[in-house]
Amino acid sequence: MSAVVSQDVLRLEKVERHYSQGDTQLAILRGADFALKRGEIVALVAPSGAGKSTLLHVAGLLERPDDGEIYLDGEPCGRLGDDQRTAMRRRDIGFVYQFHHLLPEFTALENIMMPQLISGLRQADAADRARQLLDYMRIGHRADHRPSELSGGEQQRVAIARAVANAPLVLFADEPTGNLDPETAGYVFEALQALVRQSGLAALIATHNHELAALMDRCVTLAEGQVVPA
Ligand code: ADP
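Criteria and cut-off values
Residues numbered from 1 in each chain as written. Predicted model: local features only at pLDDT ≥ 70, side-chain atom pairs only at ≥ 80, totals over all residues. Heavy atoms only, no water. Near = heavy atom within 4 Å. Polar contact = N/O pair within 3.5 Å; in protein donor to acceptor, adjacent residues only side chain to side chain. Areas by Shrake-Rupley, 256 points an atom, 1.4 Å probe, with all protein chains shown as cover. Helix = DSSP H or I, 4+ residues; strand = E, 2+ residues; numbered from the N terminus. Salt bridge = Lys/Arg side-chain N within 4 Å of Asp/Glu carboxyl O. Buried < 20%, exposed > 50% of the residue type's maximum accessible area, 1.4 Å probe, protein only. Contact = heavy atoms within 4.5 Å. Phe/Tyr/Trp six-rings, centres within 6.5 Å; stacked < 30°, edge-to-face > 60°. Lys NZ or Arg CZ within 6 Å of the ring centre and 35° of its normal. 1 Å grid on protein atoms, 1.4 Å probe; cavity = no way out; pocket = protein on both sides within 12 Å on 5 of 7 lines; lining within 4 Å. Points joined across faces, edges and corners; volume = space filled by probe spheres on them. Nonpolar A, V, L, I, M, F, W, Y, C, P; charged D, E, K, R; others polar. pLDDT = per-residue confidence, 0-100. Pairing = 2+ DSSP bridges. Axes fitted to C-alpha atoms, helices over the stretch in contact; angles between N-to-C directions.

Q: I'm lost on the site of the ligand in this one. Help?
A: With respect to spatial proximity, the complete set of residues near the ligand consists of Tyr19, Ile28, Pro47, Ser48, Gly49, Ala50, Gly51, Lys52, Ser53 and Thr54. The backbone of Gly49 places a nitrogen or oxygen atom 2.7 Å from an oxygen atom of the ligand. Lys52 is positioned with one of its backbone polar atoms (N or O) 2.9 Å from an oxygen atom of the ligand. Against a free-state accessible area of 570 Å², the protein chains account for coverage of 62% of the ligand. The greatest single-element share of the shell around the ligand, amounting to 3 residues, is contributed by helix 2 (residues 52–59).

Q: What am I meant to see in the pattern of salt bridges here?
A: Oppositely charged side chains can form a pair if their charged atoms are brought close together. One pass over the structure, following the stated rule, counts 12 salt bridges. In this structure, Glu40 engages Arg218 in a salt bridge whose closest nitrogen and oxygen atoms are separated by 2.8 Å. Note that Glu40 is positioned in the loop between strand 2 (24–37) and strand 3 (41–44) and Arg218 in strand 9 (residues 218–223), a separation of 178 residues in sequence. A relative accessible area of 14% places Glu40 in the buried class. Three or more residues joined by partner-sharing salt bridges are found here, namely Asp8, Arg11, Glu13 and Lys37.

Q: Sorry, what's going on with the environment of Arg197 here?
A: Among the secondary structure elements, Arg197 is positioned in helix 7 (residues 182–199). When its relative accessible area of 41% is taken as the criterion, Arg197 is described as partly exposed. When the C-alpha atoms of Arg197 and Asp181 are compared, they prove to be 24 Å apart, with 16 residues separating the residues in sequence. Non-local contacts of Arg197, meaning those with residues more than four positions away in its chain, are made with Gly39, Ile41 and Asp217. At 2.9 Å, the side chain of Arg197 forms a polar contact with the side chain of Asp217.

Q: Before we go on, may I ask you to explain the packing of aromatic side chains in this structure?
A: Under the criterion given, the structure shown has 2 aromatic pairs. For the pair Phe95 and Tyr97, a centre-to-centre distance of 5.6 Å together with 5 degrees between the ring planes defines the contact as stacked. Put simply, the rings of Phe95, Tyr97 and Phe172 pair up and form one aromatic cluster. Of note, Arg11 hangs over the ring of Tyr71, and the distance from its end group to the ring centre comes to 4.5 Å.

Q: What exactly am I supposed to notice about empty space enclosed by the protein here?
A: In this approach a probe as big as a water molecule rolls over the atoms, and the regions it shows empty are the leftover space. With the rule as written, the count across this model stands at 1 cavity of 30 Å³ or more. Taken together, Pro176, Thr177, Phe189, Ile205, Thr207, Leu212 and Met216 make up the lining of the largest cavity. Residue classes in the lining of the largest cavity are distributed as 5 nonpolar, 2 polar and no charged.

Q: I tried to follow the confidence of the model for the protein on my own but got confused; where do I start?
A: Segments scoring low in pLDDT should not have their predicted coordinates read at a detailed level. When pLDDT is averaged along the protein, the result is 92; 97% of the residues meet or exceed 70. Across residues 1–6, where pLDDT falls below 50, the model places 3 contacts with residues more than four positions away in sequence or in other chains.

Q: Help me out: how do you make sense of the environment of Leu180 in this one?
A: Structurally, the position occupied by Leu180 is in the loop between strand 7 (170–174) and helix 7. Judged by relative accessible area, which is 17%, Leu180 ranks as buried. Along the backbone, Leu180 and Leu36 are 144 residues apart, and their C-alpha atoms lie at a distance of 27 Å. If we skip the residues at most four places from it in the chain, Leu180 touches Gly152, Gly153, Gln156, Ala185 and Val188.

Q: Mind showing me how you'd approach the sheet that holds strand 4 (residues 67–72) here?
A: Within a beta sheet, neighbouring strands are joined by backbone hydrogen bonds and run either parallel or antiparallel to one another. A sheet is described by the order of its strands in space; here 4 strands give the open sequence 2-1-4-5, paired in antiparallel fashion. Bordering the open sheet on either side are strand 2 and strand 5 (75–76), each of which pairs with just one other strand. Here strand 4 runs beside strand 5; their pairing, made up of 2 bridges, is antiparallel. Residue pairing for strand 5: Leu72 is matched across the bridge by Glu75. Sheet strands touched by helix 2: strand 1 (8–21), strand 2 and strand 4. Its angle to strand 1, the strand with the most contacts, is close to 125 degrees.

Below you can see the structure in the form of C-alpha cells.
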C-alpha cells in the first residue's frame, strides 16, 4: 500500500446499499467513494432521507454494504464476520447520536467508564480516563450526576466523551447537536472539535446546521447515491 493511501483512516470504495420496500428497491448508496484522513473533521450535510444515517452505519460497520469495500486504517472490513466487526467497532469506532442514549441508572463518570471496562481496562484506569475526558469537555464537576440531572448540552458532552473513551480511530456523529438550542449546540460542537483536534481522531458528522458545518475542515453531501463535495 502506498504512503498516500495509508493516510486514510477510513476509506469507502464503490459502496452500494439498497433497501427493499415492498416490490421496489431503494438504492441509497450507489457506488459511493469517500476518504477521511487522521485529524480531519468532515461535515455530511444532506436533506432528510438522502442516506446520511445509512452512510454512517455502513462506514461504522453497523450495517454491511451490498457491494464495495470499507477500509479502516487500510484494513478491508466489509466482509468480516460479525464477531470481528463487533471487535473492530469497539476498538476503532465511536458513535454519537442525536439523543444521547446514556444509561440512566449510572452517573456521567460510570457511563464513560463502561465501554472501557467492557474492553478490559482496570476500574481505576477507566475512572482516570473518564475524569480526564469530563474535564476536557469542561463538565468535570458533573461527574457524579446521573443523566436526568444534567442539561441537554451536558448529556451530549458525556455521550461524546463516552464515544471516544476507548480512543477510537474514527468518530461518527449523527445530528449530535440536532436536539439542542443554537448556543448550546455551538458550545458542544466546540468541545467536540477540540477533542478531535487534541486526540488525532477523525470525525464524520452528519448535521443540518450549516453554520456548524462551515466550521469543519470540509463539507460533503449525498447526490444520487454518491458522496460529493457540498
Ligand atoms: P437520512 O439519514 O439522510 O435522513 P437515511 O439513511 O435514514 O437518511 O435513509 C435513507 C432512505 O433509506 C430513506 O428513504 C429511508 O426510508 C430508507 N431506509 C433507511 N433504512 C431502511 C431500512 N432498514 N429499510 C428500508 N428502508 C430504509
